[in-house]
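# Residue-level structural notes
If you want the building blocks of each chain, they are given just below.
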Amino acid sequence: MIGARYDSWIFMNQISRSAIPLLSIFLPLTIGVPAWADEVTTNYFSNTYHESRTKFLTAAKAAGGNLEHYRNPYLGAETEELYADVATFNLPEAKRILVLGSGTHGVEGFAGSGIQVGLLREGITKNLPEDVGLLFYHALNPYGFSYLRRFNEDNVDLNRNFVNHAKPYPPNEGYDKLARLIEPKALTRWQNLKAKLAFAWYRITKGKLWLQKAISQGQYNHPKGIFFGGNAETWSNRTLQKIIVRHLFPASQVVLIDIHTGLGAYGAAEVIAEVRPETQAYERMQKWWGHRVKIPLEGESVSPPVMGSLKNGFTRLLPHTDVTAVSLEFGTSPLPEALWALRAENYLHHHSDDEHLDALAIKTELKRVFYPDKNDWKQMVWGQGKEVVQQALDNIQ
């Protein structure tokens, strides 16, 4: 029945972590709070899109940045206007530019925004060489950020949208087979049990990596599904292209760090690169970031290879520039928890509404698995994020 109590979903989720261990694609790991943890830094982070935008704009203005605002055509969850904001420093003079992005995946934007605000407040712009510039884009997917969705106003996963939409889309037969269970029209115990058993069987017969790829690498046949790459360039895609044309075309070297959450051990950071290990680009990344660099194509990353990623699109849009493009991923919760949270929120978005009895619980769970509102996690994210950015700046110079 549609509109089943959400506690049944929680019950089934607990079963998946105990009675059906085969469903645990990754085992959670525990890491300690680093010595540099500082409670003051948690104030860099926010609890809503509106709060995060206010902090970002205030910090960017105080740091002397040039600000631009790109208006999304929709209103936010609090009926606020939605914007992707850009702050630039030392542009257009600089020919070597570090780009730091947040909010590609909406609800994941809390971490990236916190890092951006912290860097600005702590003076990252004060000692920039004349030929090095900074560009921060904030809340590239403001709709998802405001509504606590990973996807955008068109239900599109922006990090699967950077394909050539004039050509046939890459297939994902695994998702096609599992689609009716991934995107149910009801959240009943029976539907949840069928899905868990189907996922377990798929993993047994295909392998855990193939299960993760089937679900999350991207798909282009199911507009009401999850990880849908879209059938046209989204507003956020077009906005990023405008930003690139306006600010990055004259550059000789560009480094992109696009910040994400949701994969990996709690608080752990991984630099995800879509390059081959024999390339100069990989050697450069290894020199800059060392052991943190992982390649999905080699099966060593917390992320599977994905189709239509922003990193690849970003590189293609700058064919005459030396580009180093990576994602910076922070772990939050075990992967099955993220899957079930996405599945429930997708049901709520397409087949129910905010008046649903369990709407608040579903949204709260989705936010939790992509943004643990805990001081130790924020401190780990801030410390590692600051380090990765500083390593890029040290080497781009």
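A quick note: this is a predicted structure, and the numbers were derived from the prediction, not measured. (Residues numbered from 1 in each chain as written. Predicted model: local features only at pLDDT ≥ 70, side-chain atom pairs only at ≥ 80, totals over all residues. Heavy atoms only, no water.)

Quick look at the pairing of strand E1 (residues 66-75) now. Sheet analysis places E1 next to strand E2 (residues 81-89), joined by seven bridges and oriented antiparallel. Each bridged residue has a counterpart across the sheet, and for Tyr 70 the counterpart in E2 is Ala 84. The hairpin formed by E1 and E2 contains five residues between the paired strands, and Thr 79 there has a positive phi angle of roughly 60 degrees. (Pairing = 2+ DSSP bridges. Helix = DSSP H or I, 4+ residues; strand = E, 2+ residues; numbered from the N terminus.)

Right, let's get into the sheet that holds strand E5 (residues 253-266). Judged by pairing direction, the sheet is mixed, and its eight strands sit side by side in the order E1-E2-E4-E3-E5-E8-E6-E7 without closing on themselves. With one partner strand each, in any of the chains shown, E1 and strand E7 (293-294) form the two edges of the open sheet. Here E2 pairs with strand E4 (residues 132-138) via five bridges, running antiparallel. Bridge pairing in E4 places Phe 89 opposite Leu 134.

On to the packing of helix H11 (residues 335-351) against helix H12 (residues 359-370). In helix packing, the relevant descriptors are the interaxial angle and the interaxial distance, both defined with respect to the helix axes. Where H11 contacts H12, the two axes come as close as 9 Å, and the packing angle between them is 145 degrees. Crossing angle aside, the handedness with which H11 passes H12 is left-handed. Residue-level inspection shows Glu 337, Ala 338, Ala 341, Leu 342, Ala 344, Glu 345 and Leu 348 of H11 in contact with H12, the latter providing Ala 359, Ile 362, Lys 363, Glu 365, Leu 366, Arg 368, Val 369 and Phe 370. Of the residues assigned to the contact of H11 with H12, the class counts are ten nonpolar, no polar and five charged. (Axes fitted to C-alpha atoms, helices over the stretch in contact; angles between N-to-C directions. Left-handed = near helix turned anticlockwise from the far one by under 90°. Contact = heavy atoms within 4.5 Å. Nonpolar A, V, L, I, M, F, W, Y, C, P; charged D, E, K, R; others polar.)

A separate point is the nonpolar core. It is characteristic of soluble globular proteins that their nonpolar side chains tend to be buried jointly. One finds Ile 257 and Trp 289 to be the most contacted residues of the largest nonpolar core, which totals 77 residues. Here the element with the most residues in this core is helix H13 (residues 375-396); it accounts for eight residues. If sequence neighbours within four positions are ignored, Trp 289 has contacts with Val 255, Ile 257, Val 271, Thr 324, Val 326, Val 388, Gln 391 and Ala 392. Judged by nonpolar contacts, the second largest core, of 25 residues, contains Ala 84, Phe 162, Leu 248 and Val 323. (Core = buried A, V, L, I, M, F, W, Y, C linked by side-chain atoms within 4.5 Å. Buried < 20%, exposed > 50% of the residue type's maximum accessible area, 1.4 Å probe, protein only.)

Quick look at the pattern of salt bridges now. Scanning the model with the defined rule gives 17 salt bridges in all. One salt bridge connects Arg 246 with Glu 68, and the closest N-O pair in it is separated by 2.6 Å. In this pair, Arg 246 sits in helix H8 (residues 235-247) while Glu 68 sits in strand E1, placing the two residues 178 residues apart along the sequence. Residue Glu 68 is classed as buried on the basis of its relative accessible area of 14%. With a closest N to O distance of 3.4 Å, Arg 284 and Asp 322 form a salt bridge. Of this pair, Arg 284 sits in helix H9 (residues 280-289) while Asp 322 sits in strand E8 (residues 322-331), placing them 38 residues apart in sequence. Classification of Asp 322 by relative accessible area gives partly exposed; the value is 34%. Where salt bridges share partners, they join Glu 108, Arg 150, Asp 157 and Arg 160 into one cluster. (Salt bridge = Lys/Arg side-chain N within 4 Å of Asp/Glu carboxyl O.)

The next thing to look at is unusual backbone geometry. Here the bond from Leu 91 into Pro 92 is cis, since omega is 10 degrees, no more than 30 degrees from zero. Mapped onto the elements, Pro 92 comes out in the loop between E2 and strand E3 (96-101). Even without being glycine, Thr 79 reaches a positive phi, approximately 60 degrees. As for its placement among the helices and strands, Thr 79 is situated in the loop between E1 and E2.

Between helix H5 (residues 173-182) and helix H6 (residues 189-206), the least distance of the axes is 9 Å, while the angle of their chain directions is 160 degrees. Our classification of the angle between H5 and H6 gives roughly antiparallel. Across from Gly 174, Leu 178, Arg 180, Leu 181 and Ile 182 in H5, the residues of H6 making contact are Lys 194, Ala 195, Ala 198, Phe 199 and Tyr 202. Considered class by class, the residues forming the contact of H5 with H6 number seven nonpolar, one polar and two charged. (Parallel < 35°, antiparallel > 145°, perpendicular 65-115°, else oblique.)

Another aspect to go through is the confidence of the model for the protein. Low pLDDT marks regions whose predicted coordinates should not be analysed in detail. On average, residues of the protein score 90 in pLDDT, and 90% of them reach the 70 mark or higher. Confidence drops under a pLDDT of 50 for residues 1-37, and excluding neighbours within four residues, the segment shows 77 contacts in the predicted structure. (pLDDT = per-residue confidence, 0-100.)

Glancing now at H11. Helix length check: H11 (17 residues) gives 24 Å between terminal C-alpha atoms against 24 Å at 1.5 Å per residue, within 8%. Most of H11 is tucked away, with 14 of its 17 residues classed as buried. (Expected span 1.5 Å × (residues − 1).)

In this structure, Glu 345 sits in helix H11. Only 2.8 Å separates the side chain of Glu 345 from the side chain of Arg 149, close enough to count as a polar contact. Residue contacts for Glu 345: discarding those within four places in its chain leaves Leu 148, Arg 149, Ile 362, Lys 363 and Leu 366. (Polar contact = N/O pair within 3.5 Å; in protein donor to acceptor, adjacent residues only side chain to side chain.)

Evaluation of the coordinates by the stated rule reveals twelve aromatic pairs. Arranged with centres 6.0 Å apart and planes meeting at 75 degrees, the rings of Phe 151 and Phe 227 form a pair that is edge-to-face. With a gap of 76 residues between them, Phe 151 in the loop between helix H4 (142-147) and H5 and Phe 227 in the loop between helix H7 (208-216) and H8 connect regions that are remote in the sequence. On the basis of relative accessible area, Phe 151 is assigned to the buried category, the value being 1%. With relative accessibility at 6%, the residue Phe 227 sits in the buried group. (Phe/Tyr/Trp six-rings, centres within 6.5 Å; stacked < 30°, edge-to-face > 60°.)

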